[in-house]
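# A closer look at the structure
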Amino acid sequence: MDTAELLALYEQMALIRRTEKAAHDLFLQGLVKGTTHLAAGHEAIAVGAGAALRDDDYVFATYRGHHHALARGATPEECLAELMQRATGLCRAKGGSMHLTKAAVNMLGSYAIVGAHLPMAVGAAWSARLRGTGQLAVAFFGDGATNIGAFHEALNLAAVWKLPVLFVCENNLYMEYTPIADVTAVPRPAADRASAYGIPGEAVDGNDVVLVQEAVARLARRARAGDGPAVLEAETYRHFGHSRTDPAAYRPAEEVERWLKHDPLDLARGRLVEAGVPEERLTEADERARDVVQQAVDAAKNAPAPDPREAFTDVWADGGAAWRT
Amino acid sequence: MADVITYREAVAEGIAREMRRDASVVCLGEDIGAAGGVFKTTAGLHEEFGPERVWDTPISEQAIVGAAMGAAMTGMRPVAEIMFSDFLACCWDYLANEIPKVRYMTGGQVTVPLVVRTANGGGLGFGAQHSQATENWALTVPGLKIAAPSTPADVVGMMAAAIRSDDPVVFFEHKGLLASKGAPPPPDHVVALGRAAVVREGADVTLVALASMVPVALTAAERLAEEGIGTEVVDLRSLVPLDTATVLASLGRTSRLVVVEENPYQGGWGATLVSVVADEGFGLLDAPVRRVAGECVPLPFADALEEQVIPTVDKVVAAVRSLAAY
């Protein structure tokens, strides 16, 4: 990866980190309702994978999906407006934090039932094959999803139909509050299961954006060539707890410290400095991200609430919600 | 085409017509390919359209319906088969949480034009896990359309409407009707969802039925006619959209209502229909409403026991007779 490309990925990660920090602050101010599942710490996976994909590839994410929506082209303003229940929100304030979706860029949704979207990604890949478009589908999911039946049904169907789909596990070591190792029979919950379906299962440092980009690019080439699906397990760490109600006090201090020192932004920064990019250039990128997010926060704060009549639209394709004729 | 067509043949015919006119229609399900389906409701599709449009799947209900959803979101019109409607429970997440919610929670960004077909209901002695009438499960979820035809012509016409629908449709094919015969539908026959049919006229009592209960209601009406009781039979055809207008109009003529449901009384669709009538049509009624429904027990295996549990002609005749005399 050349320096200019890595710098662009660094800027994207900085923007996501800033947006997550804003979501956190706005929640504490009472301006974000419901809950949030922040992805601070996971940025390199969304950004690295995004850099390896075509613009028309399909992406499916989980309730921890802010970074995927942002990496695929949703703006901080429309994401934060959605979290703040504004009419200008990405889903017009009908989805919220757990359902960020931008269909216009083939970011086909964030799903809050663990593992449910893996078969959908298989279906999108099937559709791409039927239409002969060469598109790929990628499902991002957490380590906890690997113990769901849909995970196994999806991997098997994708394998027997040899579909162009990638299963990318963000293994952050915790299934909500419980260490994944305590409830899973194999050390690598995603990659170790791939062989049961006759497909490649690889592991990668999920905090290193360059390694993620390279791994996804390689597996994507293979899938597009007709060689079928693959599993990529990207090891990473949550900077926050599972959701807003979780202070994550169950995590050993030394573990937290070790992972915070292995921050994806710091890693990319180190690579850039080594390649001769001046520190000031990176500081400028950080400041630009801060300004963009601050403007997004201000715009979202000033945006109107949705028209109450919106509660009765969008059930059906005609825009309505009538159940009687 | 032959003078008559079976309900079973009508399913394959309805799908084939849509596959001929629209290349984005594809089928997936267990045993639906060369085997032609365990009920032979997909017979001939694999031969005509080949394995790139008629896909056999593993026994993986979540993958079948989940993949259908992903394909529907990306430009295809998949028709997924869930072999027995009892097995909808195995992929209930997709029918309850994913498919019907995605349009709404994305603010209208995503369209899911798919059909989930399934063999529904009792009457064949398959026991408690292969005999349920489950249309009420789907009725509890806003965002799904529900079709349940009772005749071969309606199967073809409603299949066309379901596959052409930009909204998700759960299509209940009744196992007890598969061998029944009827007039073959004309070319390009489409029956819009949400249009009930008055299948027999009568002045005294309105009998509203769905799917396998329609022939039960018609047989009961024949017998009641011998007693001088005129029974109007309404075939509801679909539960969402629900054609309450046709039911209220019929009540305007008869002033008495009996609803016949195969599903359990508890939570049945008849309760919803009757509540609309109580709300908006109370002034039309000259008698209480009656619901003839399944009992709240699992479906037993033996015919003699099943008859105790699901509506029969005798039970319907008794209910109508009691109202006619009210």
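Structure: above.
All values derive from a computational prediction rather than experimental measurement.

## Describing the overall build of chain B
On a plain count of helices and strands, chain B comes out with eleven helices and 14 strands. A globule of 326 residues ought to have a C-alpha radius of gyration of about 20 Å, and chain B, at 19 Å, matches this closely. For chain B, the spread of C-alpha atoms along the three principal axes comes to 60 × 45 × 40 Å. Burial status across chain B gives 63% buried among its 326 residues. The contacts of chain B with a sequence gap of at least 6 include a subset with a gap of at least 24, amounting to 80%. Of the accessible surface of chain B, which amounts to about 11300 Å², a share of 55% is contributed by carbon and sulfur atoms.

## Remarks on the environment of glycine 276 of chain A
Residues and elements named next belong to chain A. Along the chain, glycine 276 turns up in the loop between helix 10 (264–274) and helix 11 (279–302). Its relative accessible area of 56% is what places glycine 276 among the exposed residues. Along the sequence, glycine 276 and threonine 3 sit 273 residues apart, while their C-alpha atoms lie 8.9 Å from each other.

## Regarding the nonpolar core
Core analysis: the largest hydrophobic core is formed by 123 residues, its most contacted members being Phe167 of chain A together with Met69 and Leu236 of chain B. The element best represented in this core is helix 3 (residues 61–72) of chain B, accounting for eight residues. Once residues lying within four places of it in the same chain are set aside, the contact partners of phenylalanine 167 of chain A are Leu118, Val122, Ala139, Phe141, Ala154, Leu155, Ala158, Pro229, Ala230, Val231 and Leu232 of chain A. In terms of nonpolar packing, the next biggest core, distinct from the first, is built from 64 residues, Val59, Leu80, Leu136 and Val138 of chain A among them.

## Quick word on the interface of chain B and chain A
Every contact between the two is made by 48 residues of chain B and, on the other side, 42 residues of chain A. In this assembly, chain B packs against chain A so that about 3800 Å² is buried in total across both faces, 64% of it on carbon and sulfur atoms. By the criterion of area lost to chain A, the three top residues of chain B are Trp55, Tyr104 and Met105 of chain B, representing 18% of everything that side buries. Summed over the shared surface of chain B and chain A, the result is two salt bridges. Residue arginine 324 of chain A is joined to glutamate 280 of chain B by a salt bridge in which the shortest nitrogen-to-oxygen separation is 2.7 Å. There are 21 residue pairs in polar contact (both at pLDDT 80 or more) connecting chain B and chain A. Counting residues per element, the ones that place at least two in the side of chain B that touches chain A are strand 2 (25–29), strand 3 (54–56), helix 3, helix 4 (92–105), helix 8 (244–254) and helix 9 (269–280) of chain B. For the side of chain B that touches chain A, the residue count by class is 22 nonpolar, 15 polar and eleven charged.

Procedures and definitions
Residues numbered from 1 in each chain as written. Chains lettered and ligands numbered in written order. Predicted model: local features only at pLDDT ≥ 70, side-chain atom pairs only at ≥ 80, totals over all residues. Heavy atoms only, no water. Helix = DSSP H or I, 4+ residues; strand = E, 2+ residues; numbered from the N terminus. Rg over C-alpha atoms; globule rule 2.2 N^0.38 Å. Buried < 20%, exposed > 50% of the residue type's maximum accessible area, 1.4 Å probe, protein only. Contact = heavy atoms within 4.5 Å. Areas by Shrake-Rupley, 256 points an atom, 1.4 Å probe, with all protein chains shown as cover. Core = buried A, V, L, I, M, F, W, Y, C linked by side-chain atoms within 4.5 Å. Buried area = accessible area lost by both parts, 1.4 Å probe. Salt bridge = Lys/Arg side-chain N within 4 Å of Asp/Glu carboxyl O. Polar contact = N/O pair within 3.5 Å; in protein donor to acceptor, adjacent residues only side chain to side chain. Nonpolar A, V, L, I, M, F, W, Y, C, P; charged D, E, K, R; others polar.

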